[in-house]
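Secondary and tertiary structure notes
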Amino acid sequence: MGKGSGRTGGTAEPLARDGRTDRATEAFVAHRKLLFTVAYEMLGSAADAEDVLQETWLRWAGVALDTVRDERAYLVRIATRQALGRLRTLRRRKESYVGPWLPEPLLTTPDVAEDVELADSVSMAVLLVLETLAPTERAVFVLREVFAVDYDEIAEAVDKSPAAVRQIAHRARVHVAARRPRAVVSADETREALAAFQRAAETGEVQGLLDILAPDVVLLGDGGGVVQAVQVPVIGAGRVAELAAGPGRFGTAASLRPAQVNGHPALVFRIDGRIDTVLAARLDGGRITGLYAVRNPEKLSRVERATSLRR
């Protein structure tokens, strides 16, 4: 969520020096994308998910592999426990975060969008819903609903009984279902809505924006106190249209272009070639009901290169 965590931009895996390390490294590398995806869905932060991977590797490298029956399950258990500890720390840090907090956007590879369930689970809208769950509820929901981990394995990961995990899973499922978008929206529908939004914004045509925005649309902006952004949610088509109209006022140095972010169509706003804002949308009934504008520069590095996610 911020700088100074000691991260080096990737998981530091030691060079293999013997057969045992070879096996440990091979297993970790084979499941690395899965582990990153688990951690990212639990945390909403790619930077912190990378830290979880480093912590997972350090613990995995010390495991007696002859005692491990299922390497994938064991690695997921380690990553889940590390992510849970970090999630509780992040929740405290978010309490002092300046303005609304939004998940860190990821420029994703095309195969992420092809897995509809995975793309839905990492969408900005759903990640924000997951923020309303308690840490253990979030872990259980992610492991069960997204990765289809069985209840016994989840119980070991979160230190609960299988019966308790079933109750937590049910409670989390009901909670998320009540808050997530009511219907699945196709990528084409989202793309068309954002293209209309882009045309209207570039021309400053307020009526064009009003046509595509739901009357009760909500705009959230995340500047993290580093750059200027709306400090409170902006509600209503008229108010959002006024703010969104006219990126052209920045002149020829500005551009607004489509991109694939978190498995869904989005828009990336650049000034002088530098990413200024990533704009994701939530659609219901053919209209944009939510706009998520991430401007905090500490959250924009993963939009420069594509990230592959796995289930």
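Residues numbered from 1 in each chain as written. Predicted model: local features only at pLDDT ≥ 70, side-chain atom pairs only at ≥ 80, totals over all residues. Heavy atoms only, no water.

**Side note on the side chain of D48**
Inspection of the secondary structure assignment puts D48 in helix α2 (residues 46–60). According to the relative accessible area criterion, D48 is buried, its value standing at 0%. At a separation of 2.9 Å, a polar atom in the side chain of D48 contacts the side chain of R86. (Helix = DSSP H or I, 4+ residues; strand = E, 2+ residues; numbered from the N terminus. Buried < 20%, exposed > 50% of the residue type's maximum accessible area, 1.4 Å probe, protein only. Polar contact = N/O pair within 3.5 Å; in protein donor to acceptor, adjacent residues only side chain to side chain.)

**Quick look at the pairing of strand β6 (residues 287–294)**
For β6, the buried fraction is high: 7 of the 8 residues fall into the buried class. Across 6 bridges, the pairing between strand β1 (residues 213–222) and β6 is parallel. Bridged to L213 within β6 is I288. By the bridge criterion, 7 bridges tie strand β5 (residues 274–284) to β6 in an arrangement that is antiparallel. Directly across from D284, in β6, lies its bridge partner R287. (Pairing = 2+ DSSP bridges.)

**A short note on the pairing of β5**
Burial within β5 is extensive, with 9 of its 11 residues counted as buried. Pairing analysis gives 5 bridges linking strand β4 (residues 264–271) to β5, with the strands arranged antiparallel. The partner of L267 across the bridge, within β5, is L279. Hairpin connection between β5 and β6: a loop of 2 residues separates the two successive antiparallel strands, and G285 in this loop has a positive phi of roughly 60°.

**Digging into the sheet that holds strand β3 (residues 254–261)**
Strand order in the open sheet made by the 6 strands is β2-β1-β6-β5-β4-β3, with mixed pairing throughout. Here the strands that pair on one side only, and so sit at the sheet edges, are β2 (234–235) and β3. Against the sheet, helix α10 (residues 187–203) contacts β1, β3, β4, β5 and β6, and its axis sits at roughly 25° relative to β4. Lying over the sheet, helix α12 (residues 237–244) contacts β1, β2 and β6, oriented at roughly 50° with respect to β1. (Contact = heavy atoms within 4.5 Å. Axes fitted to C-alpha atoms, helices over the stretch in contact; angles between N-to-C directions.)

**Notes on the confidence of the model for the protein chain**
A low pLDDT means the predicted coordinates there should not be read in detail. Summarising the model, the protein chain shows a mean pLDDT of 90, and 91% of its residues fall at 70 or more. Counting contacts from residues 1–17, a segment whose pLDDT is below 50, to residues more than four positions away or on other chains yields 39 contacts. (pLDDT = per-residue confidence, 0-100.)

**Notes on the pattern of salt bridges**
All told, the structure shown has 21 salt bridges when counted by the stated rule. If you follow the salt bridges from partner to partner, you end up with D48, D51, E55 and R86 in one network. (Salt bridge = Lys/Arg side-chain N within 4 Å of Asp/Glu carboxyl O.)

**Comments concerning helix α9 (residues 162–179)**
Along its 18 residues, α9 runs 26 Å from first to last C-alpha, staying within 8% of the 26 Å computed at 1.5 Å per residue. Where α9 is concerned, the buried positions are V165, I168, A169, A172 and V176. In an axial view of α9, the angular spread of the buried residues amounts to 105°, which keeps them on one side of the axis. Facing away from the buried side of α9 by more than 90 degrees, the exposed set consists of Q167, A177 and A178. Contacts made by the buried residues of α9 are with α6 (124–130), α7 (135–146) and α8 (151–158). (Expected span 1.5 Å × (residues − 1). Arc of directions from axis to C-beta.)

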